Structure formats: C-alpha cells, structure tokens
Amino acid sequence: MEHDEASILRAEDQKKIEMPMVSEGNDVISMPLDSECCSVCAFSKQENATLESKQRWMSATKLSGLIVFYLMVMLVEIIGGVKSNSLAVMTDAAHLLTDVAGFFISLITVWASAWKATSYQSFGFNRLEVLGALLSVQLIWLISALLIYEALDRILHKNKEVNGLLMFEIAAFGFIINLVMVLWLGHDHTHHHACGDTDHQQHHHHHHHHHDHERGKPCDLTEEETSLVPSSPAKAKILNINLQGAYLHVMADLIQSVGVMIAGAVIWIKPKWLIVDLLSTLVFSTIALCTTLPMLRDIFGILMERTPSDINIDMLESGIKGINGVQNIHDLHVWAITVGKLVLSCHVVAEPGVSSNELLGKIRDYCQKTYKIHHITIQIE
Amino acid sequence: MEKNKSFKYYSQEPDSPHPWNTDFGFANASDRRYAFSRQPSFHQPQRDPITPMTPNFSNDCMKPFLSRNVSSIDIPPGFYSYDQVKEGSFEAKGSAAEDKFSVLESVLRVFRVLRTGNRQMKRLLIMISLNVAYSTAELVIGLFTGRIGLVSDAFHLTFGCGLLTFSLFAMAASRRKPDHIYTYGYQRLEELSAFTNALFLLFMSFSLAVEALHAFIQDESEHKHYLIVSAVTNLLVNLIGVWFFRNYARIFFVYRKPEDMNFHSVCLHVLADSIRSAGLILASWFLSLGVNNAEVLCLGLVSGAVFMLVMPLFKATGGVLLQMAPPNIPSSALSKCWRQVTSHEDVIEVSQARFWELVPGHVVGSLSLQVKKEMDDRPILEYVHSLYHELGIHDLTVQSDHV
C-alpha cells in the first residue's frame, strides 16, 4: 500500500527527532505513546489519529442527538403523565431516563477514548468503551427485569382496571419514536462503504463474518464492508461498539413497545384477558434480551483477552512460520484492546544469519496487511 | 501451538503455581518498600551485566513462606495446582462451532470439577443452594399470598443467586489450560465475575437509595412489617455465608492470587446482603418504636454503607479489566528497571514499556528496545528478562530494533 510506505518514512523521520528528547532521564514511564515510534505503530500514525478523531466526533454527535431527543420525549411524557395521572406513562418516562443514562455512558466513553495514554494506563483509555458498553447492556437487563416485575405487580393487584386503549396509544407513540431513532442510527452504518476490492478476498470473508457477528440483529443492513483503504473496516468497527450499545437500547425499547402494543390491543378488544399483559411482557423481554447476547459475547471475548473471532490463529501462526527466516514461533498472543484495535505479541526463533530488522519488518507487514493488527511486539531469539 | 521452551528464560509453565516472589503485596506502603530493598539479587546486575544468570528455582520455592503476612489466606500455597481438566485443547475447530460445543461441555466439566473442588467452592455451592431454596420459597409464598414485597425480595435474591452461580462457574472454569482461542487461559473469568458482583452491589446500593427517596416522599411505612420473617432468615443465611468466607471479609484487600478477587467479591456480596437485611430489621424495629423517618434513615445508611464497601473492589477489578499498570508493583520499581536497562551500554533507548495485569499475580509486559547495530541480542535479552523477572513479571516480550 503506497500510503502505508509513505507513512513509514515519515514515522522514521519522526523517530530521529524524538530520540534526543526522550533519552533525557525521566522518573516515571510517562512516554506519551503518540510521540514514540518504532517503524509503523498505529498509535502514532498521524492519519489514523485524525481518522479516529473524526469517527469519535461523529459518534459523539449521534449520541448527543439521541440524548437530546430522548430528553425532549421524556419531558413530553412526564407532562402528559402528570396531567392525565397515568402511572403507565410515568413508568415509560422512567424507562426513557435509563435509556438516556445508557447513552450518556457511551458518550462519556467516546470522549474518554481520546485521552492520551499515561504511565498508569499504558494502552490508553480505549478499553473504557468496552466497560461502558457492558454497563449499558446491564442497564437494558435491569430494565427488562423491572418490567417483568411490574407486570407481575399488575397481575397481583387484580383490582386495577387496565385501559387498553391508553396502553396502545402510549406504546404506539413509543414505537414510532424508537423506529425513527433506529432508522437514524442505522443510516450511519451505510456510510462506510468503499468500493469493492478484489485483492482482499481473504479477509473480506473475515470482516463480513465479524461484522455480521457483531451486529445485534438479523441484518437488513448486509452491506459489504470490503475496502480499498485498509483502515476503513476498522473505522466501521470502532464506530460500532459505542453506537452499538445505544442501538441495542433503542432496539430493546422498540421490541418492548411492540409487545405492549399487542397486549394493549388485545386488552382493548377483550378487557378481561389481563394475563396477556404479563405474557407479552415476558415474551418480548426475552426477545429483547436475546438481541443483546451477541454484543455480550463480544464484550466477554475482549475482556477475557481472547483471540478476536475474526482472526484464525492457526492460519496466522502458519503464515508467520512461512515467512523466510522464521524457524519457529511460540508464545503467540493476539488480543483486542477494543473492537478494531488488535495487539499481537510473540517470540520468534530466527534462523541463524538472518537480519532481525528485516525479519521484524516482514512479520510486521504480514500481520498488518493480512490481519490488520497494528500493535505488534516481536521478540526475536 | 508448541510451547517451545527454547528461550523461556526464568519461565515456568504458564499454568504452574506462580512463585510468590512478589513481596510487594503488603498493605503497608513502607513494608512494601522495605521488602523490595531486601531483594538480594537486585544488586547483581551492577557486577556484570553480561553473564547470564541461572534460574534459581530453589529460591522461588522458599518465597511463599516469606511472603506471608496477616492478610494472607490460610490455604497452602501449592493448593491451587491446576487440575488435570484436560480437554482436547489444541483442536483447531471453527470458532462458532467451538463456542456452541464448549458451552455444553463446560457445564459438564464444571460439574465434574465441583465434585472434586476445593473447600471454598463447596462452601459456595452450599450457600448458593441455600439461597436458591430460600428465594423460590419466598417467590412461591409471595405469589400465593399476593404480597408484592416478598416477590420483589425474591427477585432480588434470584439475581444475587444468579451472580453467585456465575462466580462458582468462574471458579471452576478458570482452571482450564490456555488453548488456541484463549491464549492467556481462562483465569480472567474470576475477575469478570468479581466485576459483575461489584456492579450488582453498586446497582443494589443505588436502588436502595432510590427506595429511601421513595419512602421519604411517599411515607408509606406499613409494608415493611411483614417482611421481618424473611429479613431475619435472609440475615441468617447471609451470615453463614460471611462465616464461610471470613478470610476475605475486609474492605481493602490485597490481591495476590487470581481467585482472591472472586472470593472477595462473593464475601462482599453476602456481607452487603446481610447489612441490607439488618437494615430492614432495624427499620421495622424503629418504626415500632415510633421513630418516624426510621425507614428513610436506615435505607439511606445501608445504601451508603454498601457503596463504601464496594468501591475499592470495583476500582481494583475495573483496573485489572482496563489493563492498568499492576498495582502490586510500585512505579518506582518499574522506573528503576527502566533506568537500568537504559544504562546498559548496548541499549540506546527503551520505548513502549507496557505492563498489565492479566490476573492478580500474573503480570504481562512488552518492551521495545533500540539497540546498537550488530550487537548480539541474546545477552541483552537475558539481562532485561532477569531485571523484570525480579519484579515478578514473567511474561515479557522484548522487541529489539537494531539501529
């Protein structure tokens, strides 16, 4: 890739300038990672930094838009609920409040991922997104549990008259709003199209699989994520985990609104079948929870330092072994800091007489081009 | 993937019990520094940095006895030897199929391990079964008699049980050997379960605060009275749990072994539950005494207490999961090592020194060196490895760029 090589040259120039500055004694290991450079390191690539900040800005705007919108809807519902003295509307408003809390958490993590790495957080703050997404998903679970509990409550206090029409109306309102949000959020997924590329077939398969695996819903957004620019699928992925959490919130809301609509319609027609409320809450809550499962699996994998699922570690190992000059490889670890940022470390036994710099460069190129792993540490023995 | 031990300098198998040469785990900072300066081998490099040092395993074996202090657990150090829970760990299956396959298998494996498990796991199992029995009884009674308070309590207990089951599962499953997909092994499961426990406790404290607010606004004080029986039973069950895990009943805990966090979180969980029950009982008693805002006060107190209890655990677990620098190793030690490496005659510069804790007690690091051209790597590598090995960092990957 031409622009990769151009940036290698630029990075080496940078390195020569940085060295005298760095070798003054310093007490703590406070190397800001973007000024340190060893050949090609994605932490320090200038173009990657601006790409990332652009994505961050985009996801931040989307999340803030969501928050503002939901706050407005919440205000409307609170006013309406106080005026009509309806408990259902107030609980819906409380529900929206937890959604806003989830978005807010995502927004904070997007902001935090821009912070520079410190000596205590040597990998930067990108992992925070994963924890924030975990928190968001926990909130969704909490809301579902609360809804089930409320449904049980309504069943137990049987003397309540349930107004089916009101239920239906509120649910329909919520449904429309959530649908609008889904379409708005979902619209962004199609932006990162690049023209189809023929010589990345091998990992096109990986990325398509990963992308589908990562989305929480059966896709009608099955656009191909092949790319001419190698960082573009990474771009789409980095965008995803923050927005994915928000997306899941909205999806869960949507599904539950559908459930309440159905229950409201049934109760409106046949006012005696109150059990339908509980049943539909249970069913639709489980459906909503199931949509969060793929994301939970991803988060779990990242937090467990597991090999990312779109990388076949056997192929990687045999690929590295196949490079000229590599005799053997052991202690290979590949893991993700967050979705899209992969780190590799390994020990390579080199054949005697091979220049280690050259070998390093070759292995590094291989990992970057084929697997999009940018943070690589290789010990040559 | 062969585990080629050709350059496993100072290495043990990745799954053997870690040598407890981390004397830095003292709760007292001055002890920590003192312990560090007592390391005899620390002065060696100044003599002759080029001679490779021989691994001194005998030294390592002695360490566990030296590293005891009052906060250590009374479980013998060799106890957590890794079982022969061997699955076909090196089959290269497709990841999706392996996931489905491994869920069922892991459940079966967990049962097997539970039967042969250690003391703590059995205790946890007893506690979980007690809790499950109790919460189903409460749920059934609540549904039949129509008391919503019992049902909500039962829900809360069920959540707690689910979490404790996850902790148990983590204890059992984390003994598996590392395989292709989980190259670092499964020990992080314990941290995850500790984190989820801490999260749950935080949620609980928030919900108690909300409940206190609710009671303050609405002033409905009757519905606590008939919860006395359930609160007392709950308290008893949880106190049994605290007794089981009494070694971990501290707020500020120093984590030395991977399972420390898990056990600590379980202990805090039952402790918080018992505090909550005690608070409810206290509130009822005060109400019967006629104190008006007793409920608000007690709930608020309980919520505050649980929050304070959980925060250190939450921060520590979060730090491990966020890959922060290992708290056991003081940064002065790391920078000392840094300076020593830099002062080596062949090394121009050290960059990208990143250390993170996989689980408490197992630190992984990676380092990048700029070395003078045409120098032989091996002595430098051995030197660097030995330096960091004294700090307890065994998994180190050192990349040397020749300039």
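Residues numbered from 1 in each chain as written. Chains lettered and ligands numbered in written order. Predicted model: local features only at pLDDT ≥ 70, side-chain atom pairs only at ≥ 80, totals over all residues. Heavy atoms only, no water.

Residue and element names in this part refer to chain B. Following both chains from N to C, one finds helix α6 (residues 188-218) and helix α9 (residues 294-321) inclined at 155°, their axes separated by 8 Å at the closest point. With respect to α9, the axis of α6 lies roughly antiparallel. Like other packed secondary-structure pairs, α6 and α9 cross with a definite hand, here left-handed. Across the contact of α6 with α9, the residue classes break down as 23 nonpolar, 5 polar and 4 charged. (Axes fitted to C-alpha atoms, helices over the stretch in contact; angles between N-to-C directions. Helix = DSSP H or I, 4+ residues; strand = E, 2+ residues; numbered from the N terminus. Parallel < 35°, antiparallel > 145°, perpendicular 65-115°, else oblique. Left-handed = near helix turned anticlockwise from the far one by under 90°. Nonpolar A, V, L, I, M, F, W, Y, C, P; charged D, E, K, R; others polar.)

Attention now moves to the sheet that holds strand β1 (residues 326-338) of chain A. The strands making up a sheet are joined through hydrogen bonds of the backbone, oriented either antiparallel or parallel. All names here are of chain A. Strand order in the open sheet formed by 3 strands is β1-β2-β3, and the pairing between neighbours is mixed. Edge positions in the open sheet fall to β1 and β3 (375-380), since each of these has one partner strand only. Taken over all neighbouring pairs, the strand axes of this sheet differ in orientation by 15° on average, direction set aside. (Pairing = 2+ DSSP bridges.)

Further remarks concern the interface of chain B and chain A. Every contact between the two is made by 64 residues of chain B and, on the other side, 67 residues of chain A. In terms of surface lost to chain A, no three residues of chain B exceed L322, R354 and Q399 of chain B, which account for 11% of the buried area on that side. Counting every contact that joins chain B to chain A gives 1 salt bridge. For R188 of chain B, the salt bridge is made with E305 of chain A, and the minimal N-O distance between the two is 2.1 Å. Remark: the boundary between chain B and chain A carries 17 residue pairs in polar contact (both at pLDDT 80 or more). When residues in the side of chain B that touches chain A are grouped by element, the largest group, 8 residues, is from strand β1 (residues 347-359) of chain B. Looking at the side of chain B that touches chain A residue by residue, the classes come out as 31 nonpolar, 23 polar and 10 charged. (Contact = heavy atoms within 4.5 Å. Buried area = accessible area lost by both parts, 1.4 Å probe. Salt bridge = Lys/Arg side-chain N within 4 Å of Asp/Glu carboxyl O. Polar contact = N/O pair within 3.5 Å; in protein donor to acceptor, adjacent residues only side chain to side chain.)

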